[in-house]
Amino acid sequence: MKKPRAAAGSRSRHRKQSSSQEGREKRALSSSQAKPSGPDGLARRQEEVVLQASVSPYHLFRDTAEVTVLRKNLLSWYDLEKRDLPWRRQAEGEMDLDRRAYAVWVSEVMLQQTQVATVINYYTRWMQKWPTLQDLASASLEEVNQLWAGLGYYSRGRRLQEGARKVIEELGGHMPRTAETLQQLLPGVGRYTAGAIASIAFGQAAGVVDGNVVRVLCRVRAIGADPSSTLVSQHLWSLSQQLVDPARPGDFNQAAMELGATVCTPQRPRCSQCPMQSLCRAHQRMEREQLLASQSLPSSGDVEECAPNTGQCQLCAPPTEPWDQTLGVANFPRKASRRPPREECSATCVLEQPRAVGGARILLVQRPNSGLLAGLWEFPSVTVEPSRQHQPKALLQELQSWVGPLPATRLQHLGQVVHTFSHIKLTYQVYGLTLEEQTPVTTSLPGVRWLTREEFHTAAVSTAMKKVFRVYEGQQPGTCKGSKRSQVSTLSRQKKLSPGQKVLDSFFQPYTSAGAP
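Values in this document were obtained by computation on a predicted structure and should not be read as measured data.

What to know about the packing of aromatic side chains
Taken as a whole, this structure holds eight aromatic pairs when the rule is applied. Relative to W148, the ring of W126 lies with its centre 5.6 Å away and its plane at 80°, an arrangement referred to as edge-to-face. Within this pair, whereas W126 is found in helix α6 (residues 116-129), its partner W148 is found in helix α8 (residues 141-148), the two being separated by 22 residues in sequence. Classification of W126 as buried rests on a relative accessible area of 0%.

What follows is the structure in structure tokens.
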């Protein structure tokens, strides 16, 4: 995306605003204790020089003509094939730099670990509700959580609002203008997000590396080592910074991500439609392997092309992982090893007053302000052992701590829901308790609400709680039972990393791929 030109009469004003902005950023940097500063631009460039000196040319772009061709081909393809997405339209049509940067920031945060198709509706509603940084800064966390409900990774919304408030209260309402200051000054903004905002909104030639870019670069330069390793991640950042087009940095970064999302996909990549095919080492390797296989000759490996000076190349696939003829270019990148999520069990109860004044009400309590699903609302729950022997007693005690004495004989087990968060596989044993008495149960404790069913569906609750409620509804007389009792156990649908999904900072920030909470 080309930066819109400022009118001639406004250039002087822009220069004064820029000078004032730099002063604010310097003052904020000198006083900020929120995040330790990372290496500055000079240090990073020195690291990249040292890294490239130790890497085989096979994994580099040493020919400037090759870089020029890559930029031209990729941008020409992007101009013809890019998807029409609301955040792109918002950024392209916005002349105000701060509003443009805010629009990019919201989209990049939402797209972390979440599919593009899912984000579109959330992004549209968010920008309609809070079109400016000031609007978001003035909102309550409850409102933010409520709109974010179902999108998962709820700390993203909280940090986005914290960042907006910092911009309004400490930076004079102006976004930091460089990748370095964005990362240093704004909570939750890592190296990827900072580079994306700086390049798309402000035209800074800052490279980016997300999951799609990792895949594209690993294939183009035949990098078979683990992309989550420090050495490989540093090399990928070095490549992205070298390749970004200084004339159109925002478009170039979006083009690289678009290519990974739509053409250079994890499985079944469409190499024949790729604008970088002629430069792709993985494609060259695939053709060579196919030729060898047709002649019944053994695989040659990367060593003939890579030819490291000594020992095993740290960017090539290890000898223990030979070429798989059935995968083709999808041999790259190597899949990072992931720890399986730890397993936990929780007993949760839907407590309902069907005869409450104004209609039936269900009880919700608020989670703590830190940790998993911080600040969201849920049905009263307690961590238990997998055995159901002591679950009713423990759950009843939890319920009574919120609303006082309750009839234990009516606590009924309804089924279970299994939901996988980023690092926890949590099994909810679902119980129900209906209070038939006309005398309403009330409580003045903070963090407790009695809601109607309609209010529940628009409240700030997690996807897991919505699954729990579906189990409860399926057991109530007069409701549509979507499944038989034997089918009540519902495995959570884990969201795979789709072609349209961005895994922002997936290798460099504490985000891991999994189903949305």
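Having seen the model, we can carry on.
Focus: the nonpolar core
Across soluble globular proteins, you tend to see nonpolar side chains buried next to one another. If you look at the biggest cluster of nonpolar residues, it comprises 118 residues, and the most contacted ones within it are W105, M110, W126, M175, I197 and F379. Setting aside residues no more than four positions away along its own chain, W105 makes contact with L133, L160, G163, A164, M175, L186, V189, T193 and I197. C345, V384, W402 and L411 belong to the second largest nonpolar core, which has 20 residues in total.

Regarding the state of the cysteines
Per the stated rule, a full pass over the model turns up zero disulfides. Between C280, a free cysteine, and C271, which holds the nearest cysteine sulfur, the sulfur-to-sulfur gap is 6.5 Å.

Overview of the pairing of strand β7 (residues 424-434)
Judged by how many residues are buried, β7 sits mostly within the fold: nine of 11 residues are covered. Sheet topology note: the strand β2 (residues 342-353)/β7 ladder contains 11 bridges and is parallel. Looking across to β7, one finds that T348 is bridged to V430. Where strand β6 (residues 412-420) lies against β7, eight bridges are found, and the strand directions are antiparallel. If you follow H413 over to β7, its bridge partner there is Y431. Hairpin connection between β6 and β7: a loop of three residues separates the two successive antiparallel strands.

Rules and cut-offs
- Residues numbered from 1 in each chain as written.
- Predicted model: local features only at pLDDT ≥ 70, side-chain atom pairs only at ≥ 80, totals over all residues.
- Heavy atoms only, no water.
- Phe/Tyr/Trp six-rings, centres within 6.5 Å; stacked < 30°, edge-to-face > 60°.
- Helix = DSSP H or I, 4+ residues; strand = E, 2+ residues; numbered from the N terminus.
- Buried < 20%, exposed > 50% of the residue type's maximum accessible area, 1.4 Å probe, protein only.
- Core = buried A, V, L, I, M, F, W, Y, C linked by side-chain atoms within 4.5 Å.
- Contact = heavy atoms within 4.5 Å.
- Disulfide = S-S within 2.5 Å.
- Pairing = 2+ DSSP bridges.

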